[in-house]
Amino acid sequence: MNVPYQRVNGDAFAELGSVGSETLPVMKLETLNRCRGRVGTNVRSFRALKVVIGALLLVLVLSSAVVSKLTLISMTSRLGSALVDDEPGAAVSLYWQLLFVIMVPQCVTFVRTMLRGVCGKRTSTFPWPTFRALLVGIVSSTVEVIAMTCLVFLVLTHLPKISAIFIMNGIFMVQAVLDLFRVKCWELSGRGIVRCLHAVLENKISRIVGIGLQVGPILAAAGYIGWATKDVMLPVTLPLCLLVISAVWSTGCQRLGTKASARTRPEASAHNWSSDSTKLRSRYKSNFINSGIRIILYPVVSYIIFRYALTHNRVDPWCLHESCSLADTFKWPEKDMALFFAQILGSFLGYIFAWISCCMGLHRWGLAVPLFLCTPISVAICVGVMHYDKFELFPESLVHVNHVVSSTVFLLWLGQMLVVGFSIWKEKNVILAKDSSMFVSPHYDGVLLEQQILLNRKVEDVKKKPKKKEKKTVFVCSTMYREDSDEMEQMLSSIHNLACYYSEEKDKNQDPETCDHFESHVFFDGGVNGDSLTHFALQLVSLLEKSLSVDIKGMPKIQDTLRIQDNTKIKNKKRWSQVMYMNYVLNHRIPSDTPALNGNSTFILTTDADIRFTAESAVVLLDMLDSDPQVGAVCARTHPQGSGLLYWYQVFDYAIVFLETYSTEVSNSKATEFLTKDMGEDRWLCTLLVEKGWRLEYCAVSENHTHCPEDFDTFYKQRRRWIPSTVANLSLLITQASEITRGNDTVSVLFVLFQAVLVFSTAISPATVILVIASGFASAYKVSDSAVIALIVLLLLLSIAYGLFCIYGKPQHQLDVAKFASLILVIFMGVVFAGNLKNMIYDAVTLIKDCSKYEACMNAANGTFMFPLTPSTMYLTLFTLLFIIAGLVHFNEFSCLIHGVWYFLALPSGYLLLLIYSVANLDDRSWGTREASSAGGQGGGVGSFKKYLDLGLNKIVGRWTNKTPDVKENRPPDQSTGPTTQNGIALKVANNQVVDDAVRSQYEILVNEREFMLSDQVRQWLADVECPLEYVDLFERHGYFKLSFIAGMTAEDLKFIGIQRRGYILRLEKAAKDLPPYCIISELNCDENMNVGIWLQCLELHAYRRLFESAGYKTRADLENLKGLTEEDLQRMGIHMRAHLGRLKEGIGRLSYLHNSQFKLQQDVVQWLRNNGCVQYTQHFEREGYFNSRFIAGLKSKDFEAIGITERGLRLRLERAAKTLPAFVIQKGIPLDVGTWLESLEMQGYQELFAAAGYQTKGDLESLKGLKADDLKKLGILKKAHLQRLVEGIDRLTYATEGENKVHDTKTILQGVTVDSADVAECAFWESMLDVGQPLRPIEASFKSDAELKEALKALRNATLAVLLLINIMWIVLLYTLQFPELVKYNLPSKAFEALFLAVYALIILVQFGAMIAHRGVTLVHYLARVESTS
């Protein structure tokens, strides 16, 4: 999920590396403008539900406690009556019942603590008790056993039922004494001293009164019993038992017995948990020892007391009479069995429901009220049945106590209320608190249930200074790149709502030491270019006013920090943005702000830039982090946003992930390292957390929304990145299972096995889809097995063909084929759906009509057992029921199941084609989404698909006929074809024969003059490429007499001069590309001595000087007249050689506007070239129109090569320098006229040229929309930089949206704003990140091992494809090879392996379903705990 909270702890992020960066802090935000509104969710329904559940829990806890108490009193009363009536058999049975009542809770505690603290994986985190604590535990357990046994067998069996109920409340005397001496005033000065002293006096008085109400009635009752019975043992036993139990169960004794040993294992403090929680970890091992001791002692002590003290050696419960065996002893009457199990269940359920009440925040109504009402309601029930006891549950007691004593012991209940009532009522734990934070010891008692829970409830220590609420610091760290304005706006609004929430909380809590602190940091990847912001960064700033109510002109400070990253100084991509904010919080904020910040109270809310969430959804994530210190990260439920079929598909896709299960996702190879870290940074972070021992949680209460792809291409590109990174992280987790299971207590072998099954199911998904389609056709049309096998083979071959196509085909063509194949497979899945539906209907109708079939199914004795439904019907029915139930328990998302229809129909696309596409493109390192398209982006859809097929057919035909396909559009048209038309202008071209004659005639003339003889370099070059001798004359005949003319020759040029052999064409074309390109020197164009002769000399065509002079082109002034010459004009002058015509046309083009002063090279370009050691190329930049630095910004190495810079090192140096220059951004809009438009493009020098061509007014701007680069060349604009600027400007001639206008206005405003830099310490921190050797520094392209990585990815791709193909083929073969026809008579499939696989997969689904149901229970508790009480 995209909105996870992470607990700040350095060890989890150690492998992210030391990081460094330099950022451009656009604005530093300190305080938040007051927010009066707050976005919240409607909680009325949940408040009503909480009231209902609170009332239900009150009834459940109260009824459980009352049942537990009354059934115990019934057992003790009937035991006393059996002894009086001399019924040893009944007495022995009741003895065993009471013994089990006492021991069952101890056994539950023993098993629980053993599994959790001794035998479980987390045993290393739970230290053993100290030696002193161990002795305290042994002694306290021993005396507790003696006291509890005496209380049950000696006291409760002799007292009347009402008095016995009240006597059970007399175990709070020691706790009252301890509280009396632990009360202390901490605020003895100030205005609140009188109130403080009054509270202390009131507390001491309540403790004193409570002691009196506890001790007095007990002594009075004991004295009266001794006086009435003349027996010394009972009056002494009663107060001693209560005193011992009160002492043992007091919080002081329990804490002494659970004190942790200082010699804890290193793993116990690996996550730097608080010392208090480390101390309480001994509670499990201490209670494991203590409960074991009690289990051993209870039978022994009870035997001694029952035989020698109660029956005076008359009845031996272990040695029965000959007429009564041990088995007969446990044959209890139904009434005894019912009472016994009612007592056991009542005690257990009462403890569980009380625990749930505390988790929900209903501790008052689910714990305090029912436990305090348990005694009076139990007494009322006893009084009610006193005169009507049909089942004889409460016989007369052995000791008769008058009403005065009964009224006296009633005061014990009041004393209980005074001692623990107020503390229990006001105590409140955190939401979803663990048992260790709610109860001192992890056990309950079956005899004194409510008293033990009240004493065991963890309350604030009154001796210590009242503990203040721990201050939490939340850093909201968001990563941005190239999101749309809508995505940015909803993210900013979400942060704004969260800031308003914390602002309101700050107003409610006036104590700054306990008020939570909130900060938001946005890390914008690639948001700055040189000293200026990019379009997307400006777009973000422009949204601040609308989303955060910030006036950009005034630049007020808000509680956010926007960090714009310069990718020339720090590495790009989201992974390194994560490293930046992790390092910022861990290595700068926490050390500098200590002790204000610490790892246990500092949290990072990581968000993507395209999500929307409410403040409540963000805050509730902290509940799960507070509830368990081992939880390192929590994620929320993600809902997709969008529209269309793909959105519907993803609605169900997202839903099944979160409805059924949500599982987490370490030296590896370079390829797998790239997939795990760079292509799936979120999953890699999760893997690191799991590896370091942290636990990951999913919180369904928290929800967020994110934009999902709405077009097919973007969806496939996104999943192409997700699938390999997820599988790679899971594979790493599986391969390092032994290390992770040892280091992480929450990761078990079963969990790793489950992940392995998920990876395997992903690998065989293509075969599964193929088998589903084939079985669907078999069911729908009842085809033969051979036809099914043929269909399987066909689908398998088509899948292999698509995989090969994805390897060798272009990316866009792969997607086009996937679109077409997906449409075809949707039709196939429709047939599958119809076939399965027909089978289900047939099975249902048959089962309903033929009842005998059902009876035969149930009668397996005669060997005719049959399953009533076919496995496919049972399987689909099971899946349908599970999804319906899952939708019902997720009642607000039940509508997502509707989209399951589209999901089913698109299964082949999602699980067959998408998997093949993802694996076959493992070597594609692009992000796939949010990347700027290239200038000549590839088209999609049917048109590009048809174009690709046509191109492929042409290539096939060409190879079949051993000919190269003609490129008709570039060859000189034949005379027989007649006049050809280009751009509406008719051209008359002579046939090839005429041209050849002219060339031959001119060739003979010039050769005689020895002007254009082949140079020695050309002859040597032709010899090096092994060119035949007959081709040498062709080069000389067409004017290619120097290597500068041959450089860059294309296949078209070679065929034009007469070379037809394809092998020689390819060889010569490749060799011509390796020659250095010819650059026309333009420096003489600005010389006063410039004339036509010098111009021809620059073109290496000085031999044509007399030809031009005879045509009237000689002086400098004649250079202007040359600009209008065309190729036809040159041919009419007598120039026919192809090479010479091309050189002359280029030279004429260079004459355009060379003397325009507005295009003179500016000083900033000269200085920039001088700084980068390339001043010798000044004229090259001027020639191509790069007259200021704004034209150079963003140029690549290939652009500098086109300018004429041949040295690779210089090109790369200039490319790095060009990245730092501010980019020129053309604003969308319709200007006043063409002149204004040209001025905005810095092209005002062409205003006269455009005016002469008829482009001048505002109405003419519409005519410009159709112009392309070739059209601009015809106008006389030949400079490369100017052509690019004008073409881009024409594309931007459109009405700007409101957002685009806002971005432009923001840019204008920020140009006059002075940005305040961060504080000195923070600046120093970021500067240190730029030191040499820091991993965050960008690696130059020259030093990157891109080639090695690319080869590694290709090798991984090939190996993965081979393994994927092998696994799927073997899977299909296995399913169709292992057949057992005899299973058909049982209505089972004959393919046993298929049935076994379905059974295992169904078992996995059921396990997921069970985990989902359990998690929904926790979610319901969390929901209700978050709702404010309505009381």
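A. Representation of the overall build of the chain. Looking only at helices and strands, the chain features 61 helices and 13 strands. Looking at the chain as a whole, 50% of its 1431 residues qualify as buried. Of the roughly 67200 Å² that the chain leaves accessible, carbon and sulfur atoms contribute 60%.

B. A look at the environment of Ser 347. Turning to its location among the elements, Ser 347 is positioned in helix α12 (residues 334-359). Take Ser 347: its relative accessible area is 2%, and that puts it in the buried class. The spatial distance from the C-alpha of Ser 347 to the C-alpha of Val 104 is 9.9 Å, given a sequence separation of 243 residues. Look past the residues within four positions of Ser 347 in its chain and what remains in contact with it is Ser 68, Tyr 444, Gly 446 and Leu 449.

C. Local environment of the pattern of salt bridges. All told, the structure shown has 20 salt bridges when counted by the stated rule. Glu 1100 is the salt-bridge partner of Lys 1042, the closest N and O atoms lying 3.8 Å from each other. Residue Lys 1042 is found in the loop between α39 (1029-1037) and α40 (1043-1046), and its partner Glu 1100 is found in the loop between α43 (1092-1098) and α44 (1105-1110); the two are separated by 58 residues along the sequence. Between Asp 1053 and Arg 1138 there is a salt bridge, with the nearest N and O atoms lying 2.7 Å from each other. Of this pair, Asp 1053 sits in helix α41 (residues 1051-1057) while Arg 1138 sits in helix α47 (residues 1138-1150); the two residues are 85 residues apart in sequence, bridging distant segments of the chain. Among the residues examined, Asp 1053 registers a relative accessible area of 15% and is labelled buried. One network of salt bridges, in which partners are shared, links Asp 713, Asp 816 and Lys 819.

D. Inspection of the nonpolar core at higher detail. Core analysis: the largest hydrophobic core is formed by 151 residues, its most contacted members being Leu 79, Met 148, Leu 151, Phe 153, Leu 367, Leu 448 and Leu 498. Sort the elements by how many residues they give to this core and helix α1 (residues 44-84) lands first, with 13 residues. In contact with Leu 367, not counting residues within four places along its chain, are Ala 354, Ser 357, Cys 358, Leu 362, Ile 424, Phe 439, Ile 453, Leu 454 and Arg 457. Grouped together as the second largest cluster of nonpolar side chains are 53 residues, Val 817, Leu 912, Leu 913 and Leu 1375 included.

E. The arrangement of helix α42 (residues 1062-1073) in detail. The terminal C-alpha atoms of α42, which comprises 12 residues, lie 17 Å apart, in line with the 16 Å expected from a rise of 1.5 Å per residue. If you check which residues of α42 are buried, you get Ile 1065, Leu 1068, Glu 1069, Ala 1071 and Ala 1072. Viewed end-on, α42 has its buried residues packed into an arc of 165°, placing them on one side of the element. In α42, the exposed positions angled more than 90 degrees off the buried face are occupied by Lys 1070 and Lys 1073. Tucked inside the fold, the buried residues of α42 contact α38 (1016-1024), α39, α40 and α41.

F. Molecular detail of a nonpolar patch on the surface. A surface patch of nonpolar side chains, amounting to about 400 Å² of accessible area, comprises Val 108, Phe 341, Leu 345, Phe 348 and Leu 349. It is α12 that provides the largest number of residues to the nonpolar patch, a total of 4 residues. Looking at where Phe 348 falls in the secondary structure, it is placed in helix α12. Looking at Phe 348, the relative accessible area reads 33%, which means it is partly exposed.

G. How the structure looks around the packing of aromatic side chains. On inspection of all chains with the given rule, the structure shows 36 aromatic pairs. Look at Trp 1168 and Phe 1181: their rings are 6.4 Å apart centre to centre, the planes differ by 75°, and that puts the pair in the edge-to-face class. Of this pair, Trp 1168 sits in helix α48 (residues 1163-1171) while Phe 1181 is found in helix α49 (residues 1178-1183), placing the two residues 13 residues apart along the sequence. A single burial state applies to Trp 1168 and to Phe 1181, both of which are buried. Consider the rings of Trp 1237 and Phe 1250, whose centres lie 6.1 Å apart with planes at 80°: the pair is edge-to-face. One end of the pair, Trp 1237, is in helix α53 (residues 1234-1240); the other, Phe 1250, is in helix α54 (residues 1247-1252), with 13 residues separating them in the sequence.

H. Inspection of the state of the cysteines at higher detail. A complete count under the given rule lists 0 disulfides for this structure. Free of any disulfide, Cys 686 has its nearest cysteine sulfur in Cys 635, 7.4 Å distant.

I. Up close: the packing of helix α29 (residues 765-781) against helix α30 (residues 785-808). Running from amino to carboxyl end, α29 crosses α30 at an angle of 150°, the nearest separation of the two axes being 9 Å. At the point where α29 passes α30, the crossing takes the right-handed sense. Residues Ile 770, Leu 771, Ile 773, Ala 774, Phe 777 and Ala 778 of α29 form the contact with α30, whose own contacting residues are Val 788, Leu 791, Ile 792, Leu 795, Leu 796 and Ser 799. When the residues that make up the contact of α29 with α30 are grouped by side-chain class, the tally is 11 nonpolar, 1 polar and no charged.

J. Looking closely at empty space enclosed by the protein. Taken as a whole, the largest cavity encloses approximately 160 Å³ of empty space. For the largest cavity, the lining is made up of 16 residues, of which Ser 140, Gln 254, Asn 290, Arg 294 and Ser 441 are closest to its centre. Ranked by the residues each element gives to the lining of the largest cavity, the list is headed by helix α3 (residues 131-155), at 5 residues. A per-class count over the lining of the largest cavity returns 4 nonpolar, 10 polar and 2 charged.

K. Inspection of the pairing of strand β8 (residues 602-608) at higher detail. Where burial is concerned, most of β8 is hidden: 7 out of the 7 residues are buried. Of the two faces of β8, the one holding Thr 602, Ile 604, Thr 606 and Asp 608 and the one holding Phe 603, Leu 605 and Thr 607 are both buried throughout. Pairing analysis gives 7 bridges linking strand β3 (residues 473-480) to β8, with the strands arranged parallel. Bridge assignment links Phe 475 to a residue of β8, and that residue is Ile 604.

L. A look at unusual backbone geometry. A positive phi is found at Glu 1026, a non-glycine position, where the angle reads about 60°. Looking at where Glu 1026 falls in the secondary structure, it is placed in the loop between α38 and α39. One non-glycine residue, Glu 1100, lies in the positive phi region at around 65°. With a relative accessible area of 24%, Glu 1100 lands in the partly exposed category.

M. Spotlight on the side chain of Arg 307. Checked against the element boundaries, Arg 307 lands in helix α10 (residues 282-310). In terms of polar contacts, Arg 307 uses its side chain to reach the side chain of Tyr 303, at 2.4 Å. In this view, Arg 307 contacts His 312, Asn 313, Arg 314, Val 315, Asp 316 and Pro 317; residues no more than four positions away in its chain are not counted.

N. Seen up close, the pairing of β3. Across the 8 residues that make up β3, a large majority, 8, are buried. Here β3 shows a buried face lined by Thr 473, Phe 475, Cys 477 and Thr 479 and a second buried face lined by Val 474, Val 476, Ser 478 and Met 480. Direction of pairing for β3 relative to strand β4 (residues 517-524): parallel, over a ladder of 8 bridges. Its bridge partner lying in β4, Thr 473 is registered against His 517.

Cut-off values and rules
In this convention, every chain numbers its residues from 1, walking through the sequence in written order. Totals for whole chains, interfaces and linings use every residue, but because this is a predicted model, local features are given only for residues with pLDDT of at least 70 and side-chain atom pairs only at 80 or more, for both listing and counting. Side-chain metrics in this entry use all non-hydrogen atoms of the structure; hydrogen atoms and water are not considered. Helix numbers and strand numbers start at the N terminus; a helix is a DSSP run of H or I with at least 4 residues, a strand a run of E with at least 2. Residue burial is assigned from relative accessible area. The probe radius is 1.4 Å, only protein chains are included, and a residue is buried under 20% of its type maximum, exposed over 50%, and partly exposed in between. A 1.4 Å probe and the Shrake-Rupley method give the accessible areas. Residues count as covered only by the protein chains that appear here. By the convention used here, residues are in contact when the closest approach between their heavy atoms is within 4.5 Å. Each reported salt bridge corresponds to a side-chain nitrogen of Lys or Arg within 4 Å of a carboxyl oxygen of Asp or Glu. Remark: nonpolar core denotes a set of buried residues (Ala, Val, Leu, Ile, Met, Phe, Trp, Tyr, Cys) joined through side-chain atoms within 4.5 Å. In a helix, the anticipated span is given by 1.5 Å times the number of residues less one. Regarding the arc, it is the one traced by the directions from the helix axis to the C-beta atoms. The patches reported here contain residues having more than 30% relative accessible area and no salt bridge. Joining distances are 9 Å for like charges and 5 Å for nonpolar side chains (Val, Leu, Ile, Met, Phe, Trp, Tyr). Two rings belonging to Phe, Tyr or Trp (six-membered ring only in the last case) form a pair when the distance between their centres is within 6.5 Å. Interplanar angles under 30 degrees mark stacking, angles over 60 mark edge-to-face geometry, and anything in between is tilted. Cysteine sulfurs are considered disulfide-paired once they come within 2.5 Å of each other. Lines are fitted to the C-alpha atoms to define the axes, a helix being fitted only along its stretch in contact, and any angle between axes, read from their N-to-C directions, falls within 0 to 180 degrees. Crossing handedness is defined as follows: a turn of the near helix away from the far one that is anticlockwise and smaller than a right angle gives a left-handed crossing, while the clockwise case is right-handed. Each residue is assigned to one class: nonpolar for Ala, Val, Leu, Ile, Met, Phe, Trp, Tyr, Cys and Pro, charged for Asp, Glu, Lys and Arg, and polar for all the others, Gly among them. The method works on a 1 Å grid over the protein atoms by themselves. A cavity is a set of points holding a 1.4 Å probe that cannot get out, a pocket is an open set with protein on both sides within 12 Å along at least five of seven lines, and residues with an atom within 4 Å of a point line them. Grid points are joined across faces, edges and corners, and a volume is the space filled by probe spheres set on the points. When DSSP finds two or more bridges between two strands, those strands count as paired. We call two N or O atoms a polar contact when they sit within 3.5 Å, provided that within protein one can donate a hydrogen and the other can accept it, with sequence-adjacent residues counted only if both atoms are side-chain atoms.

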